Amino acid sequence: MSPTLFNFLDAKDKFTTSARHALAGKTGKHLVNAFNQIPGNETEKKTTLDQALRSVLGDQIVEQKTSCDDYLSLIYLSIDAVTEGICSATTPFVLLGDVLDCLPLDQCDKIFTFVEENVSTWKSNSFYTAGKNYLLRMCNDLLRRLSKSQNTVFCGRIQLFLARLFPLSEKSGLNLQSQFNLDNITVFNKNEQESTFGQKHTEEKEDGMEVEEGEMGEDDAPAPCSIPIDYNLYRKFWTLQDYFRNPVQCYDKFSWMTFLKYSDETLAVFKSYKLDDMQASKRKLEELRASGGEHVYFAKFLTSEKLMDLQLSDSNFRRHILLQYLILFQYLKGQVKFKSSSCLLNDDQTTWIEETTKMVYQLLREIPPDGDKFATMVEHILNTEENWNSWKNEGCPSFVKERTVDDKPKRPTRKRQAPEDFLGKGPDRKLFMGNDELTRLWNLNQDNMEACKSDSREFMPSLDEFFAEAIEQADPVNMVEDEYKVVRNPNYGWRALRLLSRRSPHFFQPTNQKFKSLADYLDSMVSKLAKELPKDIPSEEIKTGEEDDDDNGDNLLKDSNDSPSIQSKLVTNNQMDDLAAKLGAQWKTLASHLEMKAADLREIETDSEDVDMQAKLLLVAWQEREGPQATVENLVAALNAAGFSQFADSLNEA
């Protein structure tokens, strides 16, 4: 019997009917049942269901009687269908785009509220990859329909939604090449003959001007300032907006001269005519503080000549202009990856920018209300912007760090049953281990831990016995080449480290000396152990080759009778601990008298931040450098020279 062929039209009609039933019953079971009953492969049925849902939406839009809630119910139904695996992951986004394209802006606001509330759904694994481009295109289409001056809040909501949806490293939302919006042109009167400056106030009042909603009325306007405003100041002031719009032209010699001249005059006006609480209107300030400043917003500059005196007397307007200067200066001084090689400032330009920056911050601090707080906040934000600029220069590396293989959670292993849980259940509790010998060894003692602690199991040799051969080979008299020394044997080195960790205090003693290999470290330890050998070992056998090769070295080795007295004068570890605790932060004063190098002092400061430990590391480094000459007598002399006579006396008494 041949398989039933898939009929697209019949399947679409069934899905359409099921979708309407699902909307009426507010459940997706009807769609799931229809999907399972219709013959055909899964891809064909998913595509047909996508078309059926769009068809239902089209009918709702044509009827024009459907509310936004009905549209959202259909979109919720498509989300459930994607979760059930019977619908394409892109369908909810296609439906959203169709709805927003067909509805007026006031209803689009309600639909977009639904989009904002479900941002966690769009970021889930089932939807993000398939729908991020649809959401980006949908938001850009909305922004093109909206007016930046009239629909400011809606535009801001869209931008915030995109910021929540995409990760910080998403390059589609970044201005990677640091381009400027050159279309943002500020239009003002450039014809002096058409200027209204110089006309009488009565004529201005007769001409009047329309005050739109959101602008300052007569009651709210601050008192007119005494700033002498003419057409030249008006033209120069608004010409600066072209430099703020396109900072690159500041690198041109002639453009820079114009910018410099106009800026000096504008800032001179700001500096000469300062605002005080009376000019800013105390009543207006109290209203702004009470409302949180919600009504203070300049969507676009108003360049009417009649508003010039009011604008220069407005604190928010002045802050806006001064902040533009700071942003421009930051770009001119900053390191931008995509800047042209010719975009460089000379010394005079750099000096002027630094001086003007200080002036701008000072002007910001003098503008009420809360000038100091505002200036500090602006400085902090611009410093943070430097970090983002550096991140862009580095190619926008991802903020997400991949988890290494070792950090992945391990599968739980089944705990193996202990022998005591299933063995030794007999009357004599004897454990049978498989053969007679193992059984005998296991049952020598009832408690295995006590058997391991027996004195007969003490196999660890003493330091003298284990290192006797290494000490003998270290003696230059025996002329043993390095490659044949026992310390070069990795097996010997491993056992030596274990023995030193158990028996020798030198193993845990901090040191600044660097070792290239284990053999070099063992050579150093052998030389230290050789100095601590018992008295009955001749001094010729403990010569380690670290002494100087001059004639006086042989005499020191031959005088074996003096070795106990010399050894008794060496500084002990306890003495160094006591002295380090007393020195504390004054250890650098002693370091100069111990003739320590500056590199050693920097390394000591790097190794530890604790001053007591730094003092101890200083004494250890001095002891390692001096060797046999690290005596109490020499240390006392250095302490007296450094002015620590009390510490020297206590060291002598010890």
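An unreviewed UniProt entry annotates the protein chain as THO complex subunit 1 originating from Xyrichtys novacula.

Enquirer: Lay out the overall build of the protein chain with the relevant residues and their values.
Expert: Helix and strand content of the protein chain: 30 helices and 0 strands. For the protein chain, buried positions account for 35% of its 654 residues. For the protein chain, contacts bridging at least 24 residues in sequence account for 70% of all contacts bridging at least 6. Counting only carbon and sulfur atoms, one obtains 50% of the accessible surface of the protein chain, whose full area is about 41800 Å².

Enquirer: So what's going on with the packing of helix α25 (residues 573-583) against helix α30 (residues 645-653)? Which residues, and what values?
Expert: Geometry of a packed helix pair, given as the angle between the helix axes and the separation of the axes. Following both chains from N to C, one finds α25 and α30 inclined at 160°, their axes separated by 11 Å at the closest point. One element, α25, and the other, α30, form an angle in the roughly antiparallel class. Crossing angle aside, the handedness with which α25 passes α30 is right-handed. Of the residues in α30, those touching α25 at Gln575, Leu579, Lys582 and Leu583 are Phe647, Ser650 and Leu651.

Enquirer: Give me the nonpolar core: which residues, what numbers.
Expert: Grouped together as the largest cluster of nonpolar side chains are 53 residues, with contacts concentrated most on Trp122 and Phe161. The leading source of residues in this core is helix α4 (residues 68-84), at 9 residues. If we skip the residues at most four places from it in the chain, phenylalanine 161 touches Phe112, Val115, Glu116, Val119, Trp122, Leu135 and Cys139. Core analysis: the second largest hydrophobic core is formed by 42 residues, Leu233, Trp256, Leu363 and Val378 among them.

Enquirer: Kindly report on a nonpolar patch on the surface, identifying the contributing residues and their values.
Expert: Taken together, the side chains of Leu168, Trp388 and Phe399 make up a nonpolar region of the molecular surface, amounting to roughly 310 Å² of accessible area. Here leucine 168 is to be found in the loop between α9 (152-165) and α10 (201-207). Since its relative accessible area comes to 53%, leucine 168 is described here as exposed.

Enquirer: Lay out the side chain of arginine 157 in plain terms, naming residues and giving numbers.
Expert: Mapping arginine 157 onto the fold places it in helix α9. A polar side-chain atom of arginine 157 sits 2.7 Å from a polar atom in the side chain of glutamate 116. Ignoring any residue separated from it by four or fewer positions in sequence, one finds arginine 157 in contact with Asp109, Phe112, Thr113 and Glu116.

Enquirer: Give me the lowdown on the confidence of the model for the protein chain, citing residues and values where you can.
Expert: Residues with a pLDDT of 70 or more make up 80% of the protein chain, whose mean pLDDT is 80. The weakest mean pLDDT in the protein chain belongs to helix α23 (residues 551-558) at 41; the strongest belongs to helix α16 (residues 347-366) at 95. The low-confidence segment residues 204-223, where pLDDT is below 50, has 22 contacts with residues more than four positions distant or belonging to other chains. Overall, residues 535-568 carries pLDDT values under 50, and its contacts beyond four positions in sequence, including any with other chains, amount to 24 contacts.

Enquirer: Please give an account of the pattern of salt bridges that cites residues and values.
Expert: This structure, assessed with the given rule, holds 15 salt bridges. A single salt-bridge network, built from bridges that share partners, covers Asp109, Glu116 and Arg157.

Enquirer: Mind laying out empty space enclosed by the protein, listing which residues take part and the relevant values?
Expert: Considering all chains together, one arrives at 3 cavities of 30 Å³ or more under this definition. Around the largest cavity, the lining residues are Phe270, Lys274, Leu275, Arg318, Leu322, Leu363, Glu366 and Ile367. When residues of the lining of the largest cavity are traced back to their parent elements, those giving at least two are α15 (315-333) and α16. Residues belonging to the lining of the largest cavity are distributed by class as follows: 5 nonpolar, no polar and 3 charged. As a volume, the second largest cavity reaches approximately 40 Å³. Among the secondary structure elements, those contributing two or more residues to the lining of the second largest cavity are α20 (463-474) and α22 (518-531). Residues of the lining of the second largest cavity, tallied by class, amount to 4 nonpolar, 1 polar and 2 charged.

Enquirer: Just give me the short version of unusual backbone geometry, but keep the residues and values in it.
Expert: The omega angle of the peptide bond from proline 368 to proline 369 is -5°, so this bond is cis rather than trans. Mapped onto the elements, proline 369 comes out in the loop between α16 and α17 (371-393). Despite not being glycine, methionine 479 has its phi angle at roughly 50°, a positive value. Within the element layout of this structure, methionine 479 appears in the loop between α20 and α21 (490-503). On the basis of relative accessible area, methionine 479 is assigned to the exposed category, the value being 70%.

Enquirer: Can you explain the packing of aromatic side chains? Please cite residues and give values.
Expert: According to the stated counting rule, one finds 32 aromatic pairs in the structure shown. Here tryptophan 238 and phenylalanine 317 contribute two aromatic rings whose centre-to-centre distance is 6.1 Å and whose plane-to-plane angle is 65°, an arrangement assigned as edge-to-face. Of this pair, tryptophan 238 sits in helix α11 (residues 231-245) while phenylalanine 317 sits in helix α15, and the two are 79 residues apart along the sequence. One exposure class covers both tryptophan 238 and phenylalanine 317, and it is buried. Centre to centre, the rings of phenylalanine 244 and tyrosine 325 are 5.1 Å apart; their planes meet at 80°, and the pair counts as edge-to-face. Pair noted here: phenylalanine 244 is in helix α11 and tyrosine 325 is in helix α15, with a separation of 81 residues, a long-range link. Residue phenylalanine 244 is classed as buried on the basis of its relative accessible area, which comes to 13%. Among the residues examined, tyrosine 325 registers a relative accessible area of 0% and is labelled buried. Grouped by ring-pair contacts, the aromatic residues Tyr243, Phe244, Trp256, Phe259, Tyr325, Phe329 and Trp352 constitute a single cluster.

Enquirer: Break down the packing of α11 against helix α12 (residues 253-272) for me, citing the residues and quoting the values.
Expert: The interhelical angle for the contact between α11 and α12, taken along N-to-C directions, is 125°, at an axis separation of 9 Å. Relative to α12, α11 is oriented oblique. Once α11 is placed against α12, the crossing between them reads as left-handed. Residues Leu233, Arg235, Lys236, Phe237, Thr239, Leu240, Tyr243 and Phe244 of α11 touch α12, and the partners they reach there are Ser255, Thr258, Phe259, Lys261, Tyr262, Ser263, Glu265, Thr266, Val269 and Phe270. Residue composition of the contact of α11 with α12, by class: 9 nonpolar, 5 polar and 4 charged.

Enquirer: Lay out the side chain of threonine 48 with the relevant residues and their values.
Expert: Relative to the assigned elements, threonine 48 resides in helix α3 (residues 42-63). A distance of 2.8 Å separates a polar atom in the side chain of threonine 48 from the backbone oxygen of glutamate 44. When neighbours within four sequence positions are excluded, threonine 48 is seen to be in contact with Phe6, Phe8, Ala11, Lys12 and Phe15.

Enquirer: Give a description of helix α8 (residues 128-145) that names residues and reports values.
Expert: In this model α8 runs 25 Å from its N-terminal to its C-terminal C-alpha over 18 residues, within 8% of the 26 Å that 1.5 Å per residue would give. Taken together, the buried positions of α8 are Tyr128, Gly131, Leu135, Met138, Cys139 and Leu142. Buried residues of α8, viewed axially, fall in a sector of 100°; they line one side. Exposed positions of α8 whose direction lies more than 90 degrees from the buried face are Thr129 and Arg144. Each element contacted by the buried residues of α8 is listed here: α5 (91-102), α6 (105-117), α7 (119-122) and α9.

Parameters at a glance
- Residues numbered from 1 in each chain as written.
- Predicted model: local features only at pLDDT ≥ 70, side-chain atom pairs only at ≥ 80, totals over all residues.
- Heavy atoms only, no water.
- Helix = DSSP H or I, 4+ residues; strand = E, 2+ residues; numbered from the N terminus.
- Buried < 20%, exposed > 50% of the residue type's maximum accessible area, 1.4 Å probe, protein only.
- Contact = heavy atoms within 4.5 Å.
- Areas by Shrake-Rupley, 256 points an atom, 1.4 Å probe, with all protein chains shown as cover.
- Axes fitted to C-alpha atoms, helices over the stretch in contact; angles between N-to-C directions.
- Parallel < 35°, antiparallel > 145°, perpendicular 65-115°, else oblique.
- Left-handed = near helix turned anticlockwise from the far one by under 90°.
- Core = buried A, V, L, I, M, F, W, Y, C linked by side-chain atoms within 4.5 Å.
- Patch = residues over 30% accessible without salt bridge, like charges linked within 9 Å, V, L, I, M, F, W, Y side chains within 5 Å.
- Salt bridge = Lys/Arg side-chain N within 4 Å of Asp/Glu carboxyl O.
- Polar contact = N/O pair within 3.5 Å; in protein donor to acceptor, adjacent residues only side chain to side chain.
- pLDDT = per-residue confidence, 0-100.
- 1 Å grid on protein atoms, 1.4 Å probe; cavity = no way out; pocket = protein on both sides within 12 Å on 5 of 7 lines; lining within 4 Å.
- Points joined across faces, edges and corners; volume = space filled by probe spheres on them.
- Nonpolar A, V, L, I, M, F, W, Y, C, P; charged D, E, K, R; others polar.
- Phe/Tyr/Trp six-rings, centres within 6.5 Å; stacked < 30°, edge-to-face > 60°.
- Expected span 1.5 Å × (residues − 1).
- Arc of directions from axis to C-beta.

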